[in-house]
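Residues per chain are reported as follows:
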Amino acid sequence: QVQLVESGGGLVQAGGSLRLSCAASGSIFSIYTMAWYRQAPGKQRELVATITRSGSTNYAFSVKGRFTISRDSAKNTVFLQTSGLSPEDTAVYYCNAEVQTALWGQKLNYWGQGTQVTVSS
């Protein structure tokens, strides 16, 4: 099994920043794309940013220029550096990873439990 554990969420004032982390552990042969999603109350979960194994990144339009996704492949960890936060960024942020658990295994998607980010005005 694979576990993803997020950390770094919290309460921050508008204009502030937070650095979210997500560490993967367990039966990991290789991790491919890693991503951050978020879900605000009453809304659907939405993609925030992705990073491939080679380091290519992609961002939702709403966070482009304010958020930066990065990864430490040696530590199976992905980060989301946020800045210029606004109340509209308030949500539970979830980590997602595409993981191959064995040399001949399938790539499966795993989710973390989420970390709350609350931005006050």
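Residues numbered from 1 in each chain as written. Predicted model: local features only at pLDDT ≥ 70, side-chain atom pairs only at ≥ 80, totals over all residues. Heavy atoms only, no water.

Check the secondary structure of the protein and you find zero helices and eleven strands. When the helices and strands of the protein are read in sequence order from the N terminus, they spell out β-β-β-β-β-β-β-β-β-β-β. The C-alpha atoms of the protein give 14 Å as radius of gyration, which agrees with the globular expectation for 121 residues (14 Å, within 12%). Out of the 121 residues in the protein, the part that is buried amounts to 42%. Across the protein, contacts joining residues at least 24 apart in sequence account for 55% of those joining residues at least 6 apart. In the structure as shown, the protein presents an accessible area of about 6500 Å², 50% of it carried by carbon and sulfur atoms. Measuring between centres, the 10 positive side-chain charges of the protein sit 5 Å from its 6 negative side-chain charges. (Helix = DSSP H or I, 4+ residues; strand = E, 2+ residues; numbered from the N terminus. Rg over C-alpha atoms; globule rule 2.2 N^0.38 Å. Buried < 20%, exposed > 50% of the residue type's maximum accessible area, 1.4 Å probe, protein only. Contact = heavy atoms within 4.5 Å. Areas by Shrake-Rupley, 256 points an atom, 1.4 Å probe, with all protein chains shown as cover. Lys, Arg positive; Asp, Glu negative; His and termini not counted. Charge placed at Lys NZ, Arg CZ, Asp CG, Glu CD.)

For the rest of this paragraph, the subject is the sheet that holds strand S3 (residues 18-26). Within the open sheet, the four strands sit side by side as S1-S3-S8-S7. Their pairing is antiparallel. Strands at the two margins of the open sheet, each flanked by one partner only, are strand S1 (2-7) and strand S7 (67-72). Each adjacent strand pair in this sheet contributes to an overall mean axis angle of 15°, direction not counted. Pairing between S7 and strand S8 (residues 77-82): six bridges, direction antiparallel. For Ser70, the partnering residue across the bridge sits in S8 and is Phe79. (Pairing = 2+ DSSP bridges. Axes fitted to C-alpha atoms, helices over the stretch in contact; angles between N-to-C directions.)

So, on to the state of the cysteines. Any covalent bond linking the sulfur atoms of two cysteines counts as a disulfide. Across all of its chains, the model carries one disulfide by this definition. In this model Cys22 forms its disulfide with Cys95; the gap between the sulfur atoms is 2.1 Å. Around the S-S axis, the bridge from Cys22 to Cys95 shows a dihedral of about -80° and counts as left-handed. Of this pair, Cys22 sits in strand S3 while Cys95 sits in strand S9 (residues 91-100); the two residues are 73 residues apart in sequence, bridging distant segments of the chain. The same class applies to Cys22 and to Cys95, which are both buried. (Disulfide = S-S within 2.5 Å.)

Attention now goes to the side chain of Glu6. Residue position: Glu6 is located in strand S1. The side chain of Glu6 sits in the buried core without any salt bridge; Arg45 is the nearest counter-charge, 7.6 Å away. Among the polar contacts listed, one links the side chain of Glu6 to the backbone nitrogen of Cys95, at a separation of 2.7 Å. Within polar-contact distance, the side chain of Glu6 engages the backbone nitrogen of Gln113 at 3.0 Å. Excluding residues within four positions of it along the chain, Glu6 makes contact with Ser21, Cys22, Trp36, Tyr93, Tyr94, Cys95, Gly112, Gln113, Gly114 and Thr115. (Salt bridge = Lys/Arg side-chain N within 4 Å of Asp/Glu carboxyl O. Polar contact = N/O pair within 3.5 Å; in protein donor to acceptor, adjacent residues only side chain to side chain.)

Purely geometric numbers; function is a separate question.
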